[in-house]
Amino acid sequence: MSCYGYLQPFMLDTTLISLAARRALNIGKQSRAAALGLLIYEHIITIEDEIDLIWLRRKSWVTYLYHFNRWLPALWLTCDMSE
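On a predicted model such as this, the values are computed, not experimentally measured, just so you know.

1. A look at the overall build of the protein chain
The helix and strand tally for the protein chain stands at two helices and zero strands. Taking contacts inside the protein chain between residues at least 6 apart in sequence as the whole, the part at least 24 apart equals 68%. When the accessible area of the protein chain is evaluated, it comes to approximately 6800 Å², of which 69% is carbon and sulfur surface.

2. Some thoughts on the packing of aromatic side chains
Two descriptors summarise a pair of aromatic rings, namely the distance from one centre to the other and the angle between the planes of the rings. What the rule picks out here adds up to zero aromatic pairs. The ring centre of tryptophan 71 lies 5.8 Å from the NZ or CZ of arginine 70, which sits over that ring.

3. Section: the packing of helix H1 (residues 19-55) against helix H2 (residues 61-81)
Remark: H1 packs on H2, axes separated minimally by 10 Å, with the N-to-C direction vectors making an angle of 155°. Our classification of the angle between H1 and H2 gives roughly antiparallel. You can see that H1 and H2 cross each other, and the crossing is left-handed. From H1, Lys29, Arg32, Ala33, Ala35, Leu36, Leu39, Glu42, His43, Thr46, Glu50, Ile54 and Trp55 reach across to H2, where they touch Thr63, Tyr66, His67, Arg70, Trp71, Pro73, Ala74, Leu77, Thr78, Asp80 and Met81.

4. What about the side chain of glutamate 50?
Here glutamate 50 lies in helix H1. Residue classification places glutamate 50 among the buried positions, given a relative accessible area of 2%. A distance of 2.9 Å separates a polar atom in the side chain of glutamate 50 from a polar atom in the side chain of arginine 70. Setting aside its immediate chain neighbours within four residues, glutamate 50 contacts Trp55, Tyr66, His67, Arg70 and Trp71.

5. Considerations on H1
For H1, the principal kink sits at threonine 46 and spans about 55°. Along H1, the positions that sit buried rather than exposed are Leu36, Leu39, His43, Glu50 and Ile54. Looking at the buried side of H1, the elements it contacts are H2.

6. Some details on a nonpolar patch on the surface
A surface patch of nonpolar side chains, about 650 Å² in accessible area, is lined by Trp61, Val62, Leu65, Phe68, Leu72 and Leu75. Position of leucine 75 among the secondary structure elements: in helix H2. Relative accessible area serves as the criterion here: at 52%, leucine 75 is assigned to the exposed category.

7. Concerning H2
Given a rise of 1.5 Å per residue, 21 residues ought to cover 30 Å, and the 30 Å separating the end C-alpha atoms of H2 matches this to within 8%. Along H2, the largest kink reaches about 30° and is centred on tryptophan 71; proline proline 73 follows within four residues of it. Among the residues of H2, those classed as buried are Thr63, Arg70, Ala74, Leu77, Cys79 and Asp80. As for H2, its buried residues are in contact with H1.

Definitions and limits used
Residues numbered from 1 in each chain as written. Predicted model: local features only at pLDDT ≥ 70, side-chain atom pairs only at ≥ 80, totals over all residues. Heavy atoms only, no water. Helix = DSSP H or I, 4+ residues; strand = E, 2+ residues; numbered from the N terminus. Contact = heavy atoms within 4.5 Å. Areas by Shrake-Rupley, 256 points an atom, 1.4 Å probe, with all protein chains shown as cover. Phe/Tyr/Trp six-rings, centres within 6.5 Å; stacked < 30°, edge-to-face > 60°. Lys NZ or Arg CZ within 6 Å of the ring centre and 35° of its normal. Axes fitted to C-alpha atoms, helices over the stretch in contact; angles between N-to-C directions. Parallel < 35°, antiparallel > 145°, perpendicular 65-115°, else oblique. Left-handed = near helix turned anticlockwise from the far one by under 90°. Buried < 20%, exposed > 50% of the residue type's maximum accessible area, 1.4 Å probe, protein only. Polar contact = N/O pair within 3.5 Å; in protein donor to acceptor, adjacent residues only side chain to side chain. Bend = angle between axes of the 7 residues up to and from the residue. Patch = residues over 30% accessible without salt bridge, like charges linked within 9 Å, V, L, I, M, F, W, Y side chains within 5 Å. Salt bridge = Lys/Arg side-chain N within 4 Å of Asp/Glu carboxyl O. Expected span 1.5 Å × (residues − 1).

Encoded structure:
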């Protein structure tokens, strides 16, 4: 199920969308897929530093802010790609 399933009644029927609009939507989806790929790559190459500098330290508001900024984009892109 899509993360945005509650918006389905308001979505446009794809048969009413022009070819140019479909191409633009496809480019947008491809861009989000590329962004998600780069984000996953960045998470993989920096996980060792993240463990040393963030996970093993005392928890503070900065730690929680870091996790929010680190994981929210990945969650958002994953939900956006599942449409």
